[in-house]
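Inside the fold
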Amino acid sequence: MILTSLADHPRHGYALIKDIEKLSDGRVRLSTGTLFGALRRLLGNGWIERFEQEDTSRGKQVYELTPEGLRQLQSELDRMRQLTRAATARLKMREA
Amino acid sequence: MRRVYKTLLRLYPRDYTELFAAEMSAVFEEVSEERRRQGAAIFLRFAVAELIGLVTGAVAEWIAKSVYAVYHTNSSYISGRCLPDPLRIRPAGLSRESYFAALHAPAKTADLIDETGTCLNAHQTFVLASPLRRLLILICKVFLPIHPRMGAKTRV
């Protein structure tokens, strides 16, 4: 979900929490402990990187997808598409 | 609540808190302000979730650190990729104005570096350089242009 949230443009921690809540229709509310633990792992994998934005009043650190992260997100999307197709096909077989 | 949060942050491994504690506190304050405005019940739920998240997060980080320590010695479990890149994140102690002014002064930096006989002002060169050269580039690119004496030297 973090990778999805960062797919369109870079975001800082608070914006990530808000966006993930919006993406999940309010079902997922990340705590800061959970969010930053995940960010640490994503940074370690090289899927995201962080930088400081000049045009914010406070020195917020912003996270953005790396090309590696983008590839990871795309492969995850492919996997989910394949799973959806398989589930749809089986449901159709059951109905038939 | 803020005090409790900052106390609980100490449960995390030190290398983790050095990187994320300030940012976590800032985000926590922003979210807690918003939840407080939404009502007491929502704030209470948020507070409990935060406390549980912090404790479980700290446990997870200690486990990650311990697992890492089994296979590695003398280094932090935090991957080098997590460490702030001084060309993208302001080093502690530098004001935002000085930092961004230094980053946006390629001509000055290039002049200064040319004097040493190397042209290292491109980010790509920085990435490919050896650790010693990276240190030299960092000093030239970030610290020297904002030093009053070195700044005067580059203007000559």
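Residues numbered from 1 in each chain as written. Chains lettered and ligands numbered in written order. Predicted model: local features only at pLDDT ≥ 70, side-chain atom pairs only at ≥ 80, totals over all residues.

**Focus: the overall build of chain A**
The cut-off we apply is this: Put simply, DSSP H or I for four residues or longer makes a helix, DSSP E for two residues or longer makes a strand, and each gets a number counted from the N terminus. Put simply, a residue is buried when 20 or more other C-beta atoms lie within 10 Å of its own C-beta and exposed when 12 or fewer do; between those, it is partly exposed, and each C-beta is set from the backbone. What counts as a contact here is a pair of residues whose C-beta atoms, placed from the backbone, lie within 7 Å.
Scanning chain A from N- to C-terminus turns up 4 helices and 3 strands. For chain A, the sequential pattern of α-helices and β-strands runs α-β-α-α-β-β-α. When the 96 residues of chain A are sorted by exposure, 29% land in the buried category. Summarising the internal contacts of chain A: among those between residues at least 6 apart in sequence, 37% fall at separations of at least 24.

**Some points on the overall build of chain B**
Check the secondary structure of chain B and you find 8 helices and 0 strands. Mapped from its N terminus to its C terminus, chain B presents α and β elements in the order α-α-α-α-α-α-α-α. Residue burial in chain B is summarised as follows: out of 156 residues, 19% are buried. In chain B, the share of contacts with a sequence separation of at least 24, taken over all contacts with a separation of at least 6, comes to 55%.

**Regarding unusual backbone geometry**
Here the phi dihedral of Asp 25 of chain A falls at roughly 55°; this positive angle occurs in a residue that is not glycine. Examined against the element boundaries, Asp 25 of chain A turns out to sit in the loop between helix H2 (13–23) and helix H3 (32–45).

**Regarding the interface of chain B and chain A**
Put simply, the rule is: For this scheme, ten residues count as nonpolar: Ala, Val, Leu, Ile, Met, Phe, Trp, Tyr, Cys and Pro. Four count as charged, namely Asp, Glu, Lys and Arg, and the remainder, Gly too, count as polar.
Facing the 24 residues of chain B at the interface are 20 residues of chain A. Elements with a minimum of two residues in the side of chain B that touches chain A: helix H2 (14–38), helix H3 (40–71) and helix H4 (96–103) of chain B. Per-class residue counts for the side of chain B that touches chain A are 12 nonpolar, 4 polar and 8 charged.

**Re the environment of His 12 of chain A**
Residue and element names in this part refer to chain A. When you line up the elements, His 12 lands in strand S1 (residues 11–12). Spatially, the C-alpha atom of His 12 lies 9.5 Å from that of Phe 51, the residues being 39 residues apart in sequence. Leave out the neighbours within four places in its chain, and His 12 touches Lys 60, Gln 61 and Val 62.

**Focus on the sheet that holds S1 of chain A**
All names here are of chain A. Counted only if it meets this: At least two DSSP bridges between two strands are needed for those strands to be called paired.
In space, the 3 strands of this open sheet follow the order S1-S3-S2, with antiparallel pairing throughout. Strand pairing shows two members of the sheet lacking a second neighbour, S1 and strand S2 (48–52), which therefore form its edges. Here 2 bridges tie S1 to strand S3 (residues 61–65), and the two strands are oriented antiparallel to one another. Bridged to Arg 11 within S3 is Tyr 63.

**Description of the packing of H2 of chain B against H3 of chain B**
All names here are of chain B. Inclusion rule: Whenever a helix is involved, its axis is fitted only over the stretch in contact; in every case the axis is a line through C-alpha atoms, and angles between N-to-C directions fall within 0 to 180 degrees. The scheme is simple: roughly parallel for angles under 35 degrees, roughly antiparallel for over 145, roughly perpendicular for 65 to 115, oblique for anything else. The handedness criterion is simple: a crossing whose near helix is rotated anticlockwise from the far helix by less than a right angle is left-handed, and one whose near helix is rotated clockwise is right-handed.
For the pair H2 and H3, the least separation of the axes is 9 Å and the interaxial angle reads 165°. Classified by the angle between their axes, H2 and H3 sit roughly antiparallel to one another. The handedness of the crossing between H2 and H3 is right-handed. Residues Tyr 16, Phe 28, Ser 32, Arg 35, Arg 36 and Gln 38 of H2 pack against Ile 42, Phe 43, Phe 46, Glu 50 and Glu 61 of H3.

**A short note on the packing of H3 of chain A against H3 of chain B**
Contact pair H3 of chain A / H3 of chain B: the axes reach a minimum separation of 7 Å and the direction vectors enclose 30°. As judged from the angle between their axes, H3 of chain A and H3 of chain B are roughly parallel. Contacts between H3 of chain A and H3 of chain B pair Thr 32, Gly 33, Thr 34 and Gly 37 of chain A from the former with Glu 50, Gly 53, Leu 54, Thr 56, Gly 57, Ala 60 and Glu 61 of chain B from the latter. In the contact of H3 of chain A with H3 of chain B, the residues fall into 2 nonpolar, 7 polar and 2 charged.

**Observations regarding the confidence of the model for chain B**
All names here are of chain B. Applied cut-off: For every residue, the predictor reports its confidence as pLDDT, a number between 0 and 100.
Summarising the model, chain B shows a mean pLDDT of 72, and 63% of its residues fall at 70 or more. The secondary-structure element of chain B with the lowest mean pLDDT is helix H8 (residues 148–155), recorded at 45, while H2 shows the highest, at 88. Throughout residues 112–128 the model reports pLDDT below 50, and contacts reaching past four residues in sequence, or to other chains, amount to 22 contacts. Predicted confidence is poor over residues 150–156, with pLDDT under 50, and the contacts of this stretch with residues over four places away or in other chains come to 8 contacts.

**Quick look at H2 of chain A**
One full turn of an α-helix is made of 3.6 residues, so residues set three or four places apart face in the same direction. So the rule is basically this: Working definition: the arc comes from the directions between the helix axis and the C-beta atoms, pointing outward to the latter.
Buried within H2 of chain A we find Gly 13, Leu 16 and Ile 17 of chain A. Along the axis of H2 of chain A, the buried residues cluster in a sector spanning 100°; they form a single face. Next to the buried residues of H2 of chain A lie helix H1 (2–5), S1 and H3 of chain A together with H2 of chain B. One or two steps after H2 of chain A, the chain reaches Asp 25 of chain A, where phi turns positive at roughly 55°.

**Overview of the nonpolar core**
Applicable threshold: Here, a nonpolar core means buried Ala, Val, Leu, Ile, Met, Phe, Trp, Tyr and Cys residues linked by C-beta atoms lying within 7 Å of one another.
Among the nonpolar cores identified, the biggest contains 29 residues, and Ile 17, Leu 35, Leu 39, Leu 42 and Ile 48 of chain A together with Met 24 of chain B are the most heavily contacted of them. Here the element with the most residues in this core is H2 of chain B; it accounts for 7 residues. Residues contacting Ile 17 of chain A, with those up to four places away along its chain left out, are Leu 30 and Leu 35 of chain A together with Val 27 and Val 31 of chain B.

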